[in-house]
Amino acid sequence: MSATQPRGDAFIQGVLEVALTQLAEVGYERLSIPQVAQLAGVNKTSIYRRWPTKPELVREALSAVMIHVEQSPNTGSLRADLIELALTVATFTQSPVGTAIVRIMLAEGGNAEVRGLASTAYAEAGKNSPWVVLERAVSCGELQSTIDPSLLLFTIAGAIMHRVFVERRDVPRAFVEQLIDLLLNGCAS
């Protein structure tokens, strides 16, 4: 540990980055605040003052990377908005942190505490984003009000995750556009 530890935003950012890296490397169960402190070059008591428990630290770390969910495109077209949302999900999922977070959720998703932390972080970050796009589309007649918004959004995310984690392939814009067109137009001719 250095003679002077980071303070303020540098402290917060450093600790959260290390916590995410450790979460990705060792998982939630083996994540250790003393180890995070050592790797971040800070005192563990400083971490405990800001985040008294491991769940609080992990929740804030997950919230910090869920920033991609906060953006709500408003292009004037449901198709274009869904493409932008899907590209954001694809970019995040393919990033090192995004890949690690998804892997942790898949590996430790049976742990109720991990599931709760991830759900809370997603809900806090995405209060307005994808749902606003769909509500706007329903209000202007671009989307039927009978469509389940969760089913639509989770189908998009599921297709992207399948491509990245099962097929081990990139998610180019052409794939996203075809996916959105398939969902919006259906398979019937």
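Residues numbered from 1 in each chain as written. Predicted model: local features only at pLDDT ≥ 70, side-chain atom pairs only at ≥ 80, totals over all residues. Heavy atoms only, no water.

K.L.:
I tried to follow the packing of aromatic side chains on my own but got confused; where do I start?
P.N.:
Given two aromatic rings, their pairing is described by the distance between the two centres and the angle made by the two planes. Within this structure, the stated rule accounts for one aromatic pair. Consider the rings of Phe11 and Trp51, whose centres lie 5.9 Å apart with planes at 25°: the pair is stacked. One end of the pair, Phe11, is in helix 1 (residues 8–30); the other, Trp51, is in the loop between helix 3 (44–50) and helix 4 (54–65), with 40 residues separating them in the sequence. Considered together, Phe11 and Trp51 belong to a single accessibility category, that of buried residues. Lying over the aromatic face of Tyr28, Lys54 brings its terminal NZ or CZ to 4.5 Å of the ring centre. (Phe/Tyr/Trp six-rings, centres within 6.5 Å; stacked < 30°, edge-to-face > 60°. Helix = DSSP H or I, 4+ residues; strand = E, 2+ residues; numbered from the N terminus. Buried < 20%, exposed > 50% of the residue type's maximum accessible area, 1.4 Å probe, protein only. Lys NZ or Arg CZ within 6 Å of the ring centre and 35° of its normal.)

K.L.:
Help me understand the pattern of salt bridges in this model?
P.N.:
Pairing between side chains of opposite charge can happen when the charged atoms of each approach one another. Counted under the stated rule, the structure contains six salt bridges. As a salt-bridge pair, Glu167 and Arg169 come within 3.1 Å of each other at their nearest N and O atoms. Relative accessible area serves as the criterion here: at 34%, Glu167 is assigned to the partly exposed category. By relative accessible area, Arg169 is classed as partly exposed at 44%. A salt bridge links Glu177 to Arg173; the nearest nitrogen and oxygen atoms lie 2.9 Å apart. Linking Glu177 with Arg173, this pair stays in helix 10 (residues 173–185), spanning four residues, or about one helical turn. A relative accessible area of 24% places Glu177 in the partly exposed class. Each of Glu84, Arg173 and Glu177 takes part in a single network of salt bridges with overlapping partners. (Salt bridge = Lys/Arg side-chain N within 4 Å of Asp/Glu carboxyl O.)

K.L.:
Whenever I open this one, the packing of helix 1 against helix 6 (residues 96–108) confuses me. Can you help?
P.N.:
A pair of packed helices is captured by two measures, namely the crossing angle of their axes and the spacing between those axes. In contact at an axis separation of 9 Å, helix 1 and helix 6 are set at 10° when each is read in the N-to-C sense. Taken together, helix 1 and helix 6 sit at an angle that is classed as roughly parallel. Seen from helix 1, the contacting residues are Leu20, Leu23, Ala24, Gly27, Tyr28 and Glu29; seen from helix 6, they are Val97, Ala100, Ile101, Ile104 and Glu108. Taken together, the residues that form the contact of helix 1 with helix 6 break down as eight nonpolar, one polar and two charged. (Axes fitted to C-alpha atoms, helices over the stretch in contact; angles between N-to-C directions. Parallel < 35°, antiparallel > 145°, perpendicular 65-115°, else oblique. Contact = heavy atoms within 4.5 Å. Nonpolar A, V, L, I, M, F, W, Y, C, P; charged D, E, K, R; others polar.)

K.L.:
What's the story with empty space enclosed by the protein in this structure? I'm lost.
P.N.:
Leftover empty space is mapped by rolling, across the atoms, a probe with the size of a water molecule. Taken as a whole and judged by the stated rule, the model has one cavity of 30 Å³ or more. Space inside the largest cavity adds up to approximately 50 Å³. Leu23, Tyr28, Val58, Leu62, Ile101, Ile104, Met105, Val114, Leu117 and Ala118 together form the lining of the largest cavity. Only helix 1, helix 4, helix 6 and helix 7 (112–125) provide two or more residues apiece to the lining of the largest cavity. Looking at the lining of the largest cavity residue by residue, the class counts come to ten nonpolar, no polar and no charged. (1 Å grid on protein atoms, 1.4 Å probe; cavity = no way out; pocket = protein on both sides within 12 Å on 5 of 7 lines; lining within 4 Å. Points joined across faces, edges and corners; volume = space filled by probe spheres on them.)

K.L.:
For this particular structure, what's the right way to read the packing of helix 8 (residues 129–139) against helix 9 (residues 149–166)?
P.N.:
Interaxial distance between helix 8 and helix 9 falls to 11 Å at its minimum, and their mutual angle equals 125°. The orientation of helix 8 relative to helix 9 falls into the category oblique. Judged by the twist between their axes, the crossing of helix 8 over helix 9 is right-handed. Two secondary-structure elements touch here, helix 8 through Pro130, Trp131 and Leu134 and helix 9 through Pro149, Ser150, Leu152 and Leu153. Its residues assigned to classes, the contact of helix 8 with helix 9 shows six nonpolar, one polar and no charged. (Left-handed = near helix turned anticlockwise from the far one by under 90°.)

K.L.:
In this structure, what is going on with unusual backbone geometry? I would like to understand it.
P.N.:
Most peptide bonds take the trans configuration, and most residues that are not glycine carry a negative phi. In the Ramachandran plot, Arg168 falls in the positive-phi region, its phi being about 55° despite a non-glycine side chain. With respect to the helices, strands and loops of the structure, Arg168 is situated in the loop between helix 9 and helix 10. Here Arg168 falls in the exposed class, since its relative accessible area comes to 59%.

K.L.:
Hey, could you run me through helix 4 in this one?
P.N.:
Helical geometry: 3.6 residues make up each α-helical turn, so side chains three or four residues apart lie on a common side. In this model, helix 4 (twelve residues) spans 17 Å end to end at C-alpha, consistent with the 16 Å of a helix rising 1.5 Å per residue. Of all the residues in helix 4, the buried ones are Pro55, Leu57, Val58, Ala61, Leu62 and Val65. All buried residues of helix 4 lie within an arc of 160° about the axis, which places them on one face of the element. (Expected span 1.5 Å × (residues − 1). Arc of directions from axis to C-beta.)

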